Every structure is written in structure tokens, then in C-alpha cells.
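# Architecture at a glance
Single-letter residue listing:
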Amino acid sequence: MNLIIKKNHNISQKKISRNAMKVLYRLNKLGYEAYLVGGGVRDLLLGKKPKDFDIATNARPSEIRKLFKNCRLIGRRFIIAHLIFKSEIIEVSTFRAHNRNIENKLLYNYSRKKKNRILLLNNTFGKIEEDAYRRDLTVNALYYSIQDFGIRDYVGGIKDIKSKQIRLIGNAEKRYKEDPVRMLRVIRFSVRLRMNIDKKTEKPIIQLSHLLKKIPSARLFNESIKLFCFGHGYLTYIQLQKYYLISFLLPFLCKTLSKKNSIFLKNIIIYGLKKIDSSMKIRCPSFLFSLFLWYPLTDNIKILSTKTTLNYFKIYSLSMHYILKKYSISIGIPKNISLKIEKIWNLQIEIEKIKKNKTKKIIKNNIFYYSLELLYLRSKIENQIKLKRIILSLNKKYIFS
Ligand code: ATP
Ligand code: MG
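Analysis parameters
- Residues numbered from 1 in each chain as written.
- Chains lettered and ligands numbered in written order.
- Predicted model: local features only at pLDDT ≥ 70, side-chain atom pairs only at ≥ 80, totals over all residues.
- Heavy atoms only, no water.
- UniProt positions renumbered as here; feature names shortened; annotations may be inferred.
- Near = heavy atom within 4 Å.
- Polar contact = N/O pair within 3.5 Å; in protein donor to acceptor, adjacent residues only side chain to side chain.
- Areas by Shrake-Rupley, 256 points an atom, 1.4 Å probe, with all protein chains shown as cover.
- Helix = DSSP H or I, 4+ residues; strand = E, 2+ residues; numbered from the N terminus.
- Nonpolar A, V, L, I, M, F, W, Y, C, P; charged D, E, K, R; others polar.
- Donors = N, O, S within 2.8 Å, 3.2 Å for Na, K, Ca; no water.
- Buried < 20%, exposed > 50% of the residue type's maximum accessible area, 1.4 Å probe, protein only.
- Pairing = 2+ DSSP bridges.
- Phe/Tyr/Trp six-rings, centres within 6.5 Å; stacked < 30°, edge-to-face > 60°.
- Lys NZ or Arg CZ within 6 Å of the ring centre and 35° of its normal.

Per an unreviewed UniProt entry, the recorded name for the protein chain is Poly(A) polymerase I, partial, and the organism is Buchnera aphidicola. Per UniProt, the protein chain has the following entry under Sequence similarities (unreviewed entry): "Belongs to the tRNA nucleotidyltransferase/poly(A) polymerase family."

So, in C-alpha cells, the structure goes:
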């Protein structure tokens, strides 16, 4: 183990959230080992503001629950404690051992019936060293103590922070097979932290990209948000394409669309992600997926129009429900988000009517602005005179970002 003492690193306690500090103090005071770990330590060392603070400890989940009133135990694969504060959630996980018995098995392949078995196998508590080796990247396995202010490094994370290397701990192929989401995490961190991917970490990705098919859609949906809604979406998308990961993450991209719409789809993703990167206001899952699924929607409208004599609004509404239902299953869009996407899409028709003054009063909430952005992107991509006119007339009333 390499101990980096206080004077040899740049972490200042002032940069750590007060809640995380309180939790660390409390656990230490009661005789438990407790460290800041993961993105908190990594980002502070890199001079960035951490997204959240994670803590690792030798206190068991049941003990953590007794110590903190604001604790909620979560997780099926491995129980972790969420300590709920007003402004943030601090995740506290108990040191975990890498269980040799499950090393070669795919965790996510276990059926629900074997739920208890998974829990048992994964809940093997361990020592700090073991906890370090079960983490994904070397730069994510650094432990900061508020007792001696030192950083404990078991896997060479400090060296990789300095040389800007994203490196998986252990044998890369094995670690991806255990959990294929690590391939997405490698891409995400390499883009976000502007680091290079180590050769051995990079090599198996293309060949193993198909393993993402086995990941539950709800988990992939959450990963998509982290990949595309935190300011680096466009570059991340390009990298995901390079490593053949994108079509497993967003399966609608490889579904055959009409020729025109498939070009539009590619463009709306590119322009849309660039826009989302540049504006905090529109970094939101409902806007993201309203863009991604817009052209699958319009294709469906076209197909349905040739098959029925229903009026346009009925076809529009049926198609929205069909597409949202279909992709809620395959990409795990939760109900509350698909309701918002539906509102964004519905407003496309309402906004078109504003110009003709034929519409009821539209409430100018976030959904309205997301819908305006969608219309704006469509007008740019489709180069349609009609859409351009609407945008021009609206521009006088509303400012587009
Ligand atoms: P950020 O929160 O800034 O996105 P992070 O590294 O803190 O980045 P989290 O998802 O919060 O990421 O996870 C906290 C830590 O848990 C990680 O730093 C890593 O050590 C460990 N971890 C998360 N996901 C995995 C995984 N799939 N396999 C192994 N370890 C993981
Ligand atoms: Mg984190």
C-alpha cells in the first residue's frame, strides 16, 4: 500500500461536503474505519468539483442504520446505506471482498428466484485492501482519511491520476464480463476527465460490447443520463460509436428507419447533444429522449397514416403511445419521464398553432422550452420552410438559447 501523506497531495478538507465530513467523524469516533472514496477523492485530486461523495467503511449496513436516523438501506446485489440529507445523499458502503466463487459468473445472469443467493454471495464483507481491488478503475480506488489526512493507494491510482490513464483494476476482459457496464464507465470517465484509456483496458471493449444486451434496461437508462446529460454528451457519443457500444445502449439507432429519417436521426443526436452540452437549462432526461425518439415517432406516424383513415391528431396520439410504450420496455424509460416526453411532443403541434393564433394559452414552463428547442432543432435539420417560418415568428416572442 502506498500512503500519500498530507503534505504530498492537494486535497483540502474545505472542499469536502459538510455532511460527508460529519459522517466520517461520527464513524471514526465510534471506532470504525471510514474513508472518502471514489469520485470524491479522484475529482478533488484533479482539482474538479465532485458530483457526489461516497464513503467506504468497515461498519456493517445494520450498524450504519442504527447510527444514522436518516439512513435508508438499498440494493439487492449488495446492500449499501444512503444517508439522506436536505441537499445531498451520501452513499456509505461496507468494505466488500471480491468473491472468488462468482468471479467467472455473470452476476446479472442470475434469475430473480436466486435473489437471496446473489445477496449472500455479494455481501461478503472484506478488508479495505479487498474493497480496493473490487472497484472498477485505479483512479476510483483511492481512500482519503480524515484521521491522518493521508490517501491510501492499493492499486496505483495516484500514478494513473498523474499520467492521466484510465485503467481497469485486474484483468480487463474478466472485469467486463463480470459487469459490462464498466465498459461504459471507462468511456464516460475518459471523456469527462480527458484521460487516455490504457491499452489493456481498451483492447477487449469492441469484442465484448454485445454483453451490454444482458444489462437490465433500467440500469442502462440511468447510465445513458450520466453519459449524455452532464456536459460531455457529444464527445461521449462519438467514443461510444468508436467502440461499437452505442447500438447496444440505444437500440433504436439500429432499427431501420426511412432513409430520410435515419439521416435526420443522426443529425438530431449530434446537434441535440452539442446543444445539451452547452446549456445547463436543457440537461434533462425527458428532453434528451424526446430528441432521440422523435424520428422513430414520425416514421411510425407515416406508416400508420397509410394504413388507416383516422385523422392526423389521432394518429399522432396513437403513435406517441406506441413508441413510448415500446421504448419504455427496451430502454427502460420510467413512467414519469415518458409522461414528460409526451407533453413535449404534444406541444410540437400546439406551438405550430401559436402562429395562427389558434391555440389555447400555453403555459411557459420547462416543458414548453424543451419543446421549443426540439422545434428549433427540427427546423435546422429538416430545412423545412414551414418550420423555419414558425421559428422566425416565434423568435420575436421567445428567445431561443
Ligand atoms: P461520479 O459519481 O462522479 O459519476 P464515481 O466514480 O463516484 O463518479 P459512482 O457511480 O458514484 O462513481 O460510484 C462510486 C464508486 O463505486 C466508484 O468510484 C467505484 O469505485 C465504485 N463503482 C461504481 N460502479 C462500479 C462498478 N460497476 N464496478 C466496480 N466498482 C464500481
Ligand atoms: Mg460518486
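So much for the structure itself; the text now carries on.
### Concerning the site of ligand 1
For ligand 1, the set of nearby residues contains 17 residues, the closest of which are R42, K51, D179, R182 and R192. A distance of 3.0 Å separates an oxygen atom of ligand 1 from a polar atom in the backbone of G39. Protein chains shield 87% of the accessible area of ligand 1, which is 590 Å² for the free molecule. Put simply, the parts of the chain that give the shell around ligand 1 at least two residues each are α2 (39-45) and α8 (181-192). At five residues, the largest contribution of residues to the shell around ligand 1 is made by α8. Per-class residue counts for the shell around ligand 1 are one nonpolar, three polar and 13 charged.

### Some remarks on the coordination of the magnesium ion (ligand 2)
Around the magnesium ion (ligand 2), the protein supplies D52 (OD) and D54 (OD) as donor atoms, at distances of 2.1 to 2.5 Å. A residue is classified by how much of its surface remains accessible, and D52, at 34% relative accessible area, is partly exposed.

### Here we look at the pairing of strand β3 (residues 54-57)
Along β3, one buried face is formed by D54 and A56 and the opposite face, lined by I55 and T57, is buried too. Bridge count for strand β2 (residues 34-37) against β3 is four bridges, and the pairing is antiparallel. The residue of β3 that forms the bridge with Y35 is A56. Where β3 lies against strand β6 (residues 89-94), four bridges are found, and the strand directions are parallel. Following the sheet pairing, A56 is matched in β6 by S93.

### A word on the packing of aromatic side chains
As enumerated under the stated definition, the model contains 13 aromatic pairs in all. Ring plane angle 85° and centroid distance 6.1 Å describe the contact between Y143 and Y154, whose orientation is recorded as edge-to-face. In this pair, Y143 is assigned in strand β7 (residues 142-144) and Y154 in the loop between β8 (151-153) and α6 (157-163), connecting sequence segments eleven residues apart. Ring geometry for F221 against F289: centres 5.1 Å apart, planes inclined by 35°, an arrangement best described as tilted. Separated by 68 residues along the polypeptide, F221 in helix α11 (residues 217-228) and F289 in helix α15 (residues 285-292) bring together distant segments of the chain. Neither residue differs from the other here; F221 and F289 are each classed as buried. An aromatic cluster of three or more residues is present, and its members are Y35, F95, Y143 and Y154. The ring of F68 carries R26 above its face, with NZ or CZ at 5.1 Å from the centroid. The aromatic ring of F230 is capped on one face by K51, whose charged end is 5.3 Å from the ring centroid.

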